[in-house]
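If you want the building blocks of each chain, they are given just below.
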Amino acid sequence: MKTENFGYKKLYIHGQLVDAESKKRGTVVCPATGETIAEIAIAGVKDTEKVLESSQKGFKYWSGLTLAERAEWMDKLRTAVLDKEKELRSAIIHEMGKTYAGSYEDIEALANALDWYPNAMKNYKEELIPDYENTHTHKMIHQPAGVAVAYLAWNFPLLNVGFKIGPALAAGCSLIIKPSSLSPLSAYVLGEILHEINFPAGVVNILCGPTKDVASILTKSKIPAVLTMIGSTSTGKRVIADSTTSIKKLGMELGGNAPFIVYEDADFNKALDLAIGLKFGNTGQICVAANRFFIEESLYNRFITEYIERAKSLKLGFGVDEAVDMGPMVDEKSRNRMFELIEDAVEKGATLACGGYIPENLQKGAWIAPTVLTDTTTDMRVFKEEIFGPVAAFMKFKTDDEVLELANDTEYGLASYLFTNNHKRIQRFTEELQFGEIQINGVKYAIYLPHGGIKESGIGHDCSHLAIEDYIVKKRISTAL
């Protein structure tokens, strides 16, 4: 496997590409090979303070523009992103080990967000409120909230940027982007693109660095009006706790533990295809990945048999090869956690039906074969925890009551999947499944569809018009007649 060297990437602060004040650098490692593919500037305290000051200035300028003017800049960025698609896809493939097809999803999501949100903002108009005593006129107006900070997960480096930069910029906010230290490369390349097109200074800033020097300072600062993130529930709780130096708007898309429920009356092939895709796509490193598979007892043996055959047939490899189906995990630490989950399950009685090993020809990097565990139980970590890797945990069930109880037996509440053609059952499950998203007999995600969870899975929504609510404040204007 050959890797590309991306050289040295700088911070993007106030419209300029700059070294960190401390001159500190970090490395980006390709999880497919274990090789260093880039160096990046690592921000420190002084850099973070500069970003906060820059973002205040950027907000003052950006919020003063008309929506049409903001849309023009966002379209210019969108065009530049698409022009740099090849470079951005290569960066994502190398920093994440994504498949070639998977890398396009990131580019597409970012481009779609930059295009869709300015149009969505056109629907935010003054709202007239009736006065029942005829003594006043009343209206509600909206304004941009202020400086926003986006903490991003590593699994979809630019898709996650798109989910934040689209609504934030359309609403009139300036945005500080802090990518994950595991996959910062494509965000730094985005900084280079912003610099090349002379995007207004301070409207977007991009930096990466240690939590104590960057995230803690941003979160505790009174300057940001909005904190938004995509990441783990535990990280979300820390951000919420640290944010209480001032009252800030919070938007959080956090962990998931999605049930995938299949009844015998479902479309078998469609359920099987999606069960494979939703587990092994992006190497299982997706918040909405199917985590716990509940198969009706009468269908269980057939489904398991064909699922294992499909899992074993997946082609593993580095995304520079367009024909591969699954890449590595993001790093060896994450991969080794999969072995811990597998060991825990087997010790408690599960059967390792396939996988659970490092392929012979893929010893370097963070590889693990697609893994299937059968006869799992509720006391196993694979049932309780968000797996976030290519390990599928299967259980059988007999009744609706049983599977509803099992599916809801989690602190998370993001995505869920149901396959059945019984309309009465569908109605019951839509009411009783405790998840922010219930997908029935198919799967669809798009920039215009709300994406959010309940319980420990988050606050608010990414995508759709609902995401804009995180970045605006509303005022009531009442005038006496």
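Heads up: these notes are all about the structure in this document.

The rules behind each value
- Residues numbered from 1 in each chain as written.
- Predicted model: local features only at pLDDT ≥ 70, side-chain atom pairs only at ≥ 80, totals over all residues.
- Heavy atoms only, no water.
- Axes fitted to C-alpha atoms, helices over the stretch in contact; angles between N-to-C directions.
- Helix = DSSP H or I, 4+ residues; strand = E, 2+ residues; numbered from the N terminus.
- Parallel < 35°, antiparallel > 145°, perpendicular 65-115°, else oblique.
- Left-handed = near helix turned anticlockwise from the far one by under 90°.
- Contact = heavy atoms within 4.5 Å.
- Nonpolar A, V, L, I, M, F, W, Y, C, P; charged D, E, K, R; others polar.
- Pairing = 2+ DSSP bridges.
- Buried < 20%, exposed > 50% of the residue type's maximum accessible area, 1.4 Å probe, protein only.
- Polar contact = N/O pair within 3.5 Å; in protein donor to acceptor, adjacent residues only side chain to side chain.
- Core = buried A, V, L, I, M, F, W, Y, C linked by side-chain atoms within 4.5 Å.
- Phe/Tyr/Trp six-rings, centres within 6.5 Å; stacked < 30°, edge-to-face > 60°.
- Lys NZ or Arg CZ within 6 Å of the ring centre and 35° of its normal.
- Disulfide = S-S within 2.5 Å.
- Expected span 1.5 Å × (residues − 1).

1. Remarks on the packing of helix α13 (residues 400–407) against helix α14 (residues 423–432)
Contact geometry for α13 and α14: axes closest at 11 Å, N-to-C directions at 25°. When the axis of α13 is compared with that of α14, the two are roughly parallel. Considering the relative orientation of α13 and α14, their crossing is right-handed. Note on element contacts: α14 touches α13 through Arg425, Arg428, Phe429 and Glu432, opposite Asp400, Asp401, Val403 and Leu404. When the residues that make up the contact of α13 with α14 are grouped by side-chain class, the tally is 3 nonpolar, no polar and 5 charged.

2. Some details on the sheet that holds strand β4 (residues 25–29)
Adjacent strands of a sheet form backbone hydrogen bonds with each other and so pair up, either parallel or antiparallel. Reading across from one edge, β1-β5-β4 is the order of the 3 strands in this open sheet, with mixed pairing throughout. Lying at the two open borders of the sheet, with one neighbouring strand each, are β1 (8–9) and β4. Strands in contact with helix α3 (residues 85–96) are β1, β4 and β5 (36–41); relative to β4, the strand with the most contacts, it is inclined by about 85°.

3. A short note on the side chain of Ser464
Relative to the elements of secondary structure, Ser464 occurs in the loop between β20 (458–459) and β21 (472–480). The buried category is assigned to Ser464, whose relative accessible area is 0%. Within polar-contact distance, the side chain of Ser464 engages the backbone nitrogen of Leu466 at 3.1 Å. The residues contacting Ser464, other than those within four sequence positions of it, are Trp116, Tyr117, Ile447, Tyr448, Leu449 and Pro450.

4. A closer look at the packing of α3 against helix α4 (residues 100–121)
Between α3 and α4, the least distance of the axes is 9 Å, while the angle of their chain directions is 120°. Taken together, the axes of α3 and α4 are oblique relative to one another. Remark: the crossing between α3 and α4 carries right-handed chirality. Contact with α3, carried on its side by Glu85, Leu88, Arg89, Ile92 and Ile93, involves Tyr100, Ala101, Ser103, Tyr104, Asp106 and Ile107 of α4 and no other residues of that element.

5. Thoughts on the nonpolar core
Taken as a class, soluble globular proteins show a tendency for nonpolar side chains to be buried jointly. By size, the foremost hydrophobic cluster in this structure holds 128 residues, and its most contacted members are Leu77, Ile165, Phe199, Val204, Phe303, Tyr307 and Phe394. With residues up to four places along the chain from it excluded, the contact list for Phe394 reads Phe293, Ile295, Tyr300, Phe303, Ile304, Tyr307, Val372, Leu373, Thr374, Asp375 and Thr376. The next biggest cluster of nonpolar side chains, apart from the first, holds 15 residues, and it includes Tyr263, Phe294, Phe397 and Phe435.

6. Here we look at the packing of aromatic side chains
A complete count under the given rule lists 17 aromatic pairs for this structure. Each ring, one from Phe294 and one from Phe383, has its centre 6.4 Å from the other, and the planes form 70°; the classification is edge-to-face. Here the residue Phe294 occupies a position in strand β14 (residues 290–296), and Phe383 occupies one in helix α12 (residues 381–384), the gap between them amounting to 89 residues. Neither Phe294 nor Phe383 differs from the other in exposure class; each is buried. Taken together, the ring pairs connect Phe260, Phe268, Phe280, Phe293, Phe303, Tyr307, Phe394, Tyr417 and Phe419 into an aromatic cluster. Directly above the aromatic system of Phe383 lies the positively charged group of Arg292, at a separation of 4.9 Å from the ring centroid.

7. Observations concerning the state of the cysteines
In total, this model carries 0 disulfides according to the counting rule given. Between Cys463, a cysteine without a disulfide, and Cys287, which holds the nearest cysteine sulfur, the sulfur-to-sulfur distance is 10.0 Å.

8. Points about unusual backbone geometry
At Asp375, a position not held by glycine, the phi torsion is positive, near 55°. Along the chain, Asp375 turns up in the loop between β16 (371–374) and α12. Using a relative accessible area of 37% as the deciding quantity, one classes Asp375 as partly exposed. Despite not being glycine, Asn441 shows a phi value in the positive range, around 60°. With respect to the element layout, Asn441 can be found in the loop between β19 (437–440) and β20.

9. Quick word on the environment of Ser457
On the secondary structure map, Ser457 appears in the loop between β19 and β20. As for Ser457 and Glu322, which are separated by 135 residues in sequence, their C-alpha atoms are 34 Å apart. Sequence-distant contacts of Ser457, that is, excluding residues within four places in its chain, are made with Met252, Glu253, Leu254, Gly255, Gly256, Tyr412, Gly413 and Leu414. Within the local environment of Ser457, its side chain forms a polar contact with the backbone nitrogen of Leu414, the two atoms lying 3.3 Å apart.

10. Considering the sheet that holds strand β6 (residues 127–129)
Strand order in the open sheet formed by 3 strands is β6-β7-β21, with antiparallel pairing between adjacent strands. Whereas interior strands pair on both sides, the edge strands pair on one side only; in this sheet they are β6 and β21. Taking each pair of neighbouring strands and ignoring which way they run, the sheet shows an average axis angle of 25°. Judged from the 3 bridges that link them, β6 and strand β7 (residues 136–144) form a sheet pairing that is antiparallel. Paired with Leu128 across the strands is Lys139, a residue of β7.

11. Details of helix α6 (residues 185–196)
The terminal C-alpha atoms of α6, which comprises 12 residues, lie 17 Å apart, in line with the 16 Å expected from a rise of 1.5 Å per residue. Where burial is concerned, most of α6 is hidden: 10 out of the 12 residues are buried. Of the residues making up α6, those classed as buried are Leu185, Ser186, Ala187, Tyr188, Val189, Leu190, Gly191, Glu192, Ile193 and Leu194.

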